[in-house]
Amino acid sequence: MYLQSEIKTVLLKMEKLYDSPITLLTKTSGLSRPTVSKFFNKQIIKPSSVETLYELCLDLIEAKEKKRQTSLRREQSLFKESQREPNKKSQTTLNL
């Protein structure tokens, strides 16, 4: 099974990444809100529920990290393109 320190690390990361991690896990896991809440409060729940929630947390953290990496690549791509064409003036006003 998972160590308490591993679970604690995952829970802290979930709290940093998601506004309502308990609500999200309740919706995506199919487990009851009290069970998910107990998991976040490090109370005793069935080992199968711990495994389900822990694995789901890892999946959600991984998805968020992939999204962040994609955003960073897009940002870098946009900034590199603007740096390649520094002499190109952008039109900010109309000359009528």
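Residues numbered from 1 in each chain as written. Predicted model: local features only at pLDDT ≥ 70, side-chain atom pairs only at ≥ 80, totals over all residues. Heavy atoms only, no water.

Draft legend 1. Summary view of the overall build of the chain. Tallying secondary structure elements over the chain gives 4 helices and 0 strands in all. When the helices and strands of the chain are placed in sequence order, the string is α-α-α-α. Within the chain, the fraction of its 96 residues that count as buried is 22%. Relative to all contacts within the chain whose residues are 6 or more apart in sequence, the contacts with residues 24 or more apart total 55%. For the chain, the exposed area adds up to about 7800 Å²; of that, 52% sits on carbon and sulfur atoms. (Helix = DSSP H or I, 4+ residues; strand = E, 2+ residues; numbered from the N terminus. Buried < 20%, exposed > 50% of the residue type's maximum accessible area, 1.4 Å probe, protein only. Contact = heavy atoms within 4.5 Å. Areas by Shrake-Rupley, 256 points an atom, 1.4 Å probe, with all protein chains shown as cover.)

Draft legend 2. Up close: a negative patch on the surface. Negative charge collects at one region of the surface, where E51, E55, D59 and E62 lie side by side. Within the element layout of this structure, D59 appears in helix α4 (residues 47-84). In this structure D59 comes out as partly exposed when scored by relative accessible area, which is 45%. (Patch = residues over 30% accessible without salt bridge, like charges linked within 9 Å, V, L, I, M, F, W, Y side chains within 5 Å. Salt bridge = Lys/Arg side-chain N within 4 Å of Asp/Glu carboxyl O. Lys, Arg positive; Asp, Glu negative; His and termini not counted. Charge placed at Lys NZ, Arg CZ, Asp CG, Glu CD.)

Draft legend 3. Quick peek at the nonpolar core. Residues M14, L25, F39 and F40 are the most contacted members of the largest nonpolar core, which totals 17 residues. Considering each element in turn, this core owes the most residues, 7 residues, to α4. Look past the residues within four positions of F40 in its chain and what remains in contact with it is L11, M14, E15, P21, I22 and L25. (Core = buried A, V, L, I, M, F, W, Y, C linked by side-chain atoms within 4.5 Å.)

Draft legend 4. Summary view of the side chain of S49. Here S49 shows up in helix α4. Residue contacts for S49: discarding those within four places in its chain leaves L31 and T35.

Draft legend 5. View of the confidence of the model for the chain. The share of residues in the chain with pLDDT of 70 or more is 83%, and the mean pLDDT across the chain is 89. Ranking the elements of the chain by mean pLDDT puts α4 last, at 90, and helix α2 (residues 21-29) first, at 97. (pLDDT = per-residue confidence, 0-100.)

Draft legend 6. Region of the structure containing helix α1 (residues 4-17). For α1, which comprises 14 residues, the first-to-last C-alpha distance of 20 Å matches the rise-based estimate of 20 Å (1.5 Å per residue) to within 8%. Restricting attention to buried positions, one finds in α1 the residues I7, V10, L11 and M14. Seen from one end, α1 has its buried residues packed into an arc of 100 degrees, which puts them on one side. For α1, the exposed residues set more than 90 degrees away from the buried face come down to T9 and K16. (Expected span 1.5 Å × (residues − 1). Arc of directions from axis to C-beta.)

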